[in-house]
Amino acid sequence: MRMFAELNSILNTSPDSFKPGEFILVSDKHTDASFLIHHFLSFYLRAGCKVCFLGLVQSFSHYSAISQRLGVSLTQAREKGQLVFLEGLKESLGVLLQGEASKGTRAVDFLRDPSSGLRGLYDFVRDNVRGGGGGEEWGPPVLLVDDLSVVLSLGVSVGAALDFSHYCRATVCSKLQGSMVMLVRCEEEEEEEESDEGSERLLRGLIHQCSLTLQVQGLPTGYCRDIHGQVEVCWRGQCDGQQTQKKLFQYKVHDKGASFFARGTSSAVL
Amino acid sequence: MAAPRRSVGKPTSDRLPCNTTSFQKKSRSKLVSIPGTRPSVQNGQLIVSTGVTSLDYVIGGGLAVGTLLLIEEDRYDSYSRMLLKYFLAEGVVCGHELYVASALDHCNDILQELPAPILDDIASPKTVEDQAKSCDPESQEAMKIAWRYQHLPKVQTALASSSRFGHYYDVSKTMDPEICQAARCHGFYLPEHSTAVTSPTTTGPMSETYSSLLNNLQEVIHREGFDGSVPQTKSRNILRIGLHSLGSALWGDDLCCRENPSHGRALTTFLYGLRAMLRSSLSVAVVTVPSHLIQVRVCAVH
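- Looking up chain B in an unreviewed UniProt entry gives the name Elongator complex protein 4, with the organism given as Hucho hucho.
- According to UniProt, the comment filed for chain B under the heading Sequence similarities (unreviewed entry) is "Belongs to the ELP4 family."
- The Pathway (unreviewed entry) field of the UniProt record for chain B holds the comment "tRNA modification; 5-methoxycarbonylmethyl-2-thiouridine-tRNA biosynthesis."

- The name an unreviewed UniProt entry gives chain A is Elongator complex protein 6, with Hucho hucho as the organism.
- Looking at chain A in UniProt, the text filed under Pathway (unreviewed entry) is "tRNA modification; 5-methoxycarbonylmethyl-2-thiouridine-tRNA biosynthesis."

1. Focus on the sheet that holds strand E9 (residues 239–243) of chain B
All names here are of chain B.
Right, so step 1: If you trace the five strands from one edge of the open sheet to the other, you get E4-E10-E9-E5-E8, paired in parallel fashion. Either end of the sheet is taken by a strand with one partner, and the two such strands are strand E4 (68–72) and strand E8 (185–189). Adjacent strand axes in the sheet meet at a mean angle of 10° when their direction is disregarded.
Right, so step 2: Strand direction decides the pairing type here: strand E5 (residues 97–102) and E9, joined by five bridges, are parallel. Following the sheet pairing, Ala101 is matched in E9 by Leu243.

2. Re the side chain of His186 of chain B
All names here are of chain B.
Right, so step 1: On the secondary structure map, His186 appears in strand E8.
Right, so step 2: You can call His186 buried: its relative accessible area is 9%.
Right, so step 3: At 2.9 Å, the side chain of His186 forms a polar contact with the side chain of Glu97.
Right, so step 4: With near-sequence residues (within four places) excluded, His186 lies in contact with Glu97, Leu98, Tyr99, Val100, Val220, Arg223, Glu224 and Leu239.

3. Here we look at the sheet that holds strand E1 (residues 37–39) of chain B
Within a sheet, adjacent strands bond to each other through the backbone by hydrogen bonds, running parallel or antiparallel.
All names here are of chain B.
Right, so step 1: On the basis of which strands lie adjacent, the open sheet formed by three strands has the order E1-E2-E3 and antiparallel pairing. The strands lining the two open edges of the sheet, one partner per strand, are E1 and strand E3 (63–64).
Right, so step 2: In the sheet, E1 pairs with strand E2 (residues 46–48) via three bridges, with the strands oriented antiparallel. Of the residues in E2, the one forming a bridge with Thr37 is Val48.

Analysis parameters
Residues numbered from 1 in each chain as written. Chains lettered and ligands numbered in written order. Predicted model: local features only at pLDDT ≥ 70, side-chain atom pairs only at ≥ 80, totals over all residues. Heavy atoms only, no water. UniProt positions renumbered as here; feature names shortened; annotations may be inferred. Pairing = 2+ DSSP bridges. Helix = DSSP H or I, 4+ residues; strand = E, 2+ residues; numbered from the N terminus. Axes fitted to C-alpha atoms, helices over the stretch in contact; angles between N-to-C directions. Buried < 20%, exposed > 50% of the residue type's maximum accessible area, 1.4 Å probe, protein only. Polar contact = N/O pair within 3.5 Å; in protein donor to acceptor, adjacent residues only side chain to side chain. Contact = heavy atoms within 4.5 Å.

Have a look at this one:
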């Protein structure tokens, strides 16, 4: 329980009480913010929510092994029906190898025809994010995406990706009062004149749609053993007049979690 | 850092197992240990050596099985090609199976250029007269201090034997053909395969050449049982995949030729499919890409 305690207190949440209808955007640059995805996955599973996880970049056993260390069993959750897991890599391989002849899920239809967008993926989300019919009643639905920027490198346009997140938000957050967490990864940005296509544009579009951003960056001075990077937490002002609030922290990832601290107060320094 | 272990590799024709010590590491895990691999000290993942010990150190001990190492080529593909050859040579020495794909060279040509490994010069059991003749006059007298070791064969070089993790190579010599032939190698030489590509429908954003490479690789993995499809009648092994100069014009990809390539996402889609394949099999891949020729910014695949 102590694993991400500092993050929970920064965000003012706990598995027992969290705000409904949140769209949390996690982004990273020069580093890997997937530790936050692992945190949110175990967080919402502990909270008893129905979780729909789009694992587009790693295998199920990868997430399962890490969640084991955080104290949550993904296999059990999947068997009980609490977790619906899309194994993007496995499904995609079927499509890539057999082409038109494959009979895989429609969720990865964007591989067959990238110009058709992410409609198939949205349909998958919509069908799986509601509570199951029989059996137990789960809490509010949660959608987790790791990560959305990979579809750009597979030929999907930025506009289609933004449409997808918009539709998901309308369904999951507004209609069903659930939560959504998406990871977007950005590349190095030199001073490029035109950034028409690219993860930067996707990131900017998503920032406008979300209610909370966690922007993770490596330290500009380079690698440090005790401080892995910095996180800028930004509560975006909603239309009821709340102001945007920003806070900056540094973090270090451990075997079983991550610790967050104010800049310059790393235990290695003090 | 590797503790001396009992050699589990199959002895080849020109090497004899040499036990200079009777120490045997007690194996705690019930998993079959695959020669040439060890668990990483950082996170317990199974890793293999890239063939270059200093590179192993920089990337955290070695290359994890199921992952891909992407090398951006230098201008004339000299050092990147050397790294690929080290990677393959390490596979030969450890007894792993190889898969080599190139649009430029045939698999056999690449294998002939592998650097020679520096192994223990194991003394073959010479007769006593031979030993007496070849010794220096000094050492012909019985050892006075280390007399317990007198009966052991003389070892010429002090460097690693074949059971160790990571080996050293002599780039000025090429690998002995006998050692090469002992290794199982699957090759994909694009000119041989291009006539076989007849699929009328292109598979989405991936070009036909990449598609045929991916299919061929899947076929090899499945046939040889690296994805666990074959029941464990034979011992497990690792497949080392070396893909040379992907993205270059020789692969039919105009990514390196134009600012607006027709299949801009072909290479990244292929790499995505390759990642999926690696994650579900006992294989490890090294891919070289001539990125200095790419003019358009392509989204990186993580």
